[in-house]
Amino acid sequence: MKNPLHYQLTECDCGPTTMMNAISFLFEREEIPPEIIRNIMLYCLDCYGEEGEPGKHGTSRMAMLFLSNWLCQFGKIGRLSVKTRYLSGKCVYLGKESYINDALHRGGVVVLRLLYEVEHYVLLTGEKDGLIYLFDPYYEEEPYKEPDIVMAWDHPFEYNRIVPMKYFNHEENTTYALGPEEEREAVLIFNKETELIPEKTIEYFI
């Protein structure tokens, strides 16, 4: 059985919440070892606030890289059928020949760091006709000032936002922009049992 995706509990825990949502999206509840949840919370929230408060500045890129590598090794030893790939810098973009779009078309998900006033993690779960389907763990009730960003409440197991792809590749601090190229980060995550092999999606790149 799958669980609905969930929202962060504080202003700071978008990183671990999004990573747990990725696992929840890809795997049945009965498949997920508690060790994964324990380690996600252990490795994330490693940044300190301005007054030295632990966790108040969220999750660092180094922590997300470490967690990505740990999950990949966890999959290699057969504890869960999970596979990851960490991306950073210029290769983090959306569009034709993007690793991110390819992952979404092959049944994977993407834990993506972007800008939502401040740096923020969301989970990309699908793409179709230039629209990105994502779950933003920051709970909002008011609609966006951008009329073409849709709040979707009727797909709690998959996504809660539908966002045109045009918003992501900007470097300036606008809604859901990826920000400066050198600061970009994404983690591609697959369930190896359900991942589509590249040959089945090659037409996307032609």
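Quick notes on the rules
- Residues numbered from 1 in each chain as written.
- Predicted model: local features only at pLDDT ≥ 70, side-chain atom pairs only at ≥ 80, totals over all residues.
- Heavy atoms only, no water.
- 1 Å grid on protein atoms, 1.4 Å probe; cavity = no way out; pocket = protein on both sides within 12 Å on 5 of 7 lines; lining within 4 Å.
- Points joined across faces, edges and corners; volume = space filled by probe spheres on them.
- Helix = DSSP H or I, 4+ residues; strand = E, 2+ residues; numbered from the N terminus.
- Nonpolar A, V, L, I, M, F, W, Y, C, P; charged D, E, K, R; others polar.
- Buried < 20%, exposed > 50% of the residue type's maximum accessible area, 1.4 Å probe, protein only.
- Pairing = 2+ DSSP bridges.

A.B. asks: Before we move on, can you summarise the layout of surface pockets with the specific residues and values?
C.D. replies: Rolled over the atoms, a probe with the dimensions of a water molecule shows which regions are left empty. Size it by volume and the largest pocket reaches roughly 690 Å³. Lining the largest pocket are 27 residues, and of these Tyr116, Glu117, Val118, Glu119 and His120 sit closest to its centre. Of all the elements, strand E3 (residues 118–128) adds the most residues to the lining of the largest pocket, at four residues. For the lining of the largest pocket, the residue count by class is nine nonpolar, nine polar and nine charged.

A.B. asks: Go over the pairing of strand E6 (residues 161–164) with me, naming the residues and quoting the values.
C.D. replies: Here E6 shows two buried faces, one formed by Arg161 and Val163 and the other by Ile162 and Pro164. Sheet topology places strand E4 (residues 131–135) next to E6; four bridges connect them, and they run antiparallel. From the neighbouring strand, Ile132 faces E6, where its bridge partner is Val163. For strand E5 (residues 150–151) and E6, the ladder comprises two bridges, and the chain directions are antiparallel. Note that in E6 the partner of Val150 across the bridge is Ile162.

A.B. asks: How would you explain the pairing of strand E2 (residues 109–116) if you had to name every residue and give the values?
C.D. replies: The buried fraction of E2 is high, at eight of eight residues. The alternating pattern of E2 places Val109, Val111, Arg113 and Leu115 and Val110, Leu112, Leu114 and Tyr116 on opposite faces, both of which are buried. The pairing of E2 with E3 spans seven bridges and is classified as antiparallel. Looking at E3, one finds that Tyr116 is bridged to Val118. In textbook terms, the turn of a hairpin is the stretch between consecutive antiparallel strands, and for E2 and E3 this stretch comprises one residue, one of which, Glu117, has a positive phi near 75°.

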